[in-house]
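Summary of the model geometry
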Amino acid sequence: METIRKNLLRIHGVLLILIGISAAINTTVGVHFNRGLYHFLYTNKLAFIGLFQAYLLVVLIGIVLWLGSQKKNRKKWNRIGCLFHFFILILYVQYWDFFISLYEEENTTLINFTFHLTFFSLELWAGFAKSKKIHT
């Protein structure tokens, strides 16, 4: 079970680092060049600042999960990964219509929601599942 926890934290951490960096780059392209998925930021610098900070925090959470994968008690690090997605899922539930309207041309909202729900579920399971004790 500890190997599963370790690998989950590492995969989750790497994905968050890569997604956070790419989203930060995409928001920057949107705000400066009025292009891409975040083109709406061209006229909304305040939203850009908030999203840019949030995506850099995603990178930080990814680093934290990666480092947590190297610790002995990985359950608490899985719980941190779970909470990260839990807070985002709350916003998806509350503002689903807004997210749908924001990405009208693409199926991005469902993909993002599925990503967060998947890692929430995996980290919830890893954070609370009991480890089997081997008696010798």
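Residues numbered from 1 in each chain as written. Predicted model: local features only at pLDDT ≥ 70, side-chain atom pairs only at ≥ 80, totals over all residues. Heavy atoms only, no water.

Helix and strand counts for the protein chain stand at 5 helices and 0 strands. Seen in sequence order, the protein chain has helices and strands lined up from the N terminus as α-α-α-α-α. Considering only C-alpha atoms, the protein chain reaches an extent of 65 × 25 × 20 Å along its principal axes. Expressed as a percentage of its 136 residues, the buried residues of the protein chain come to 31%. The long-range fraction of contacts in the protein chain, counting pairs at least 24 apart against all pairs at least 6 apart in sequence, stands at 69%. Of the charged side chains in the protein chain, 14 are positive and 6 negative, and the gap between their average positions amounts to 24 Å. (Helix = DSSP H or I, 4+ residues; strand = E, 2+ residues; numbered from the N terminus. Buried < 20%, exposed > 50% of the residue type's maximum accessible area, 1.4 Å probe, protein only. Contact = heavy atoms within 4.5 Å. Lys, Arg positive; Asp, Glu negative; His and termini not counted. Charge placed at Lys NZ, Arg CZ, Asp CG, Glu CD.)

Before going further, it helps to spend a moment on the nonpolar core. Within the largest apolar cluster, 16 residues are counted, with the highest numbers of intra-cluster contacts made by Leu16, Tyr38, Leu41, Tyr55 and Val58. Counting residues per element, the ones that place at least two in this core are α1 (2-33), α2 (45-68) and α3 (75-94). It is α1 that contributes the most residues to this core, 5 residues altogether. Not counting the four nearest positions on each side in its chain, Tyr38 is found in contact with Ala23, Asn26, Thr27, Gly30, Val31, Leu51, Tyr55 and Tyr103. (Core = buried A, V, L, I, M, F, W, Y, C linked by side-chain atoms within 4.5 Å.)

The N-to-C vectors of α1 and α3 enclose an angle of 40°; their axes lie 10 Å apart at closest approach. On the basis of the axis angle, α1 is oblique to α3. Between α1 and α3 the crossing geometry is left-handed. Only Lys75, Trp77, Asn78, Gly81, Phe84 and His85 of α3 make contact with α1, whose side of the interface consists of Arg5, Leu8, Leu9, His12 and Leu16. Residue composition of the contact of α1 with α3, by class: 5 nonpolar, 4 polar and 2 charged. (Axes fitted to C-alpha atoms, helices over the stretch in contact; angles between N-to-C directions. Parallel < 35°, antiparallel > 145°, perpendicular 65-115°, else oblique. Left-handed = near helix turned anticlockwise from the far one by under 90°. Nonpolar A, V, L, I, M, F, W, Y, C, P; charged D, E, K, R; others polar.)

The next thing to look at is the environment of His39. Considering the arrangement of structural elements, one finds His39 in the loop between α1 and α2. The spatial distance from the C-alpha of His39 to the C-alpha of Tyr95 is 20 Å, given a sequence separation of 56 residues.

Tallied over the full model, the rule gives 11 aromatic pairs. Ring geometry for Tyr92 against Trp96: centres 6.4 Å apart, planes inclined by 55°, an arrangement best described as tilted. Ring pairs connect the aromatic residues Tyr92, Trp96, Phe98, Phe99 and Phe113, which therefore count as one cluster. Its guanidinium or amino end placed over the ring of Tyr42, Lys45 lies 5.3 Å from that ring's centre, counting from NZ or CZ. Sitting over the ring of Phe128, Arg79 keeps its end group 4.3 Å from the ring centre. (Phe/Tyr/Trp six-rings, centres within 6.5 Å; stacked < 30°, edge-to-face > 60°. Lys NZ or Arg CZ within 6 Å of the ring centre and 35° of its normal.)

You will see that Asn34, though not glycine, has its phi angle at about 55°, which is positive. Take Asn34: it is sitting in the loop between α1 and α2.

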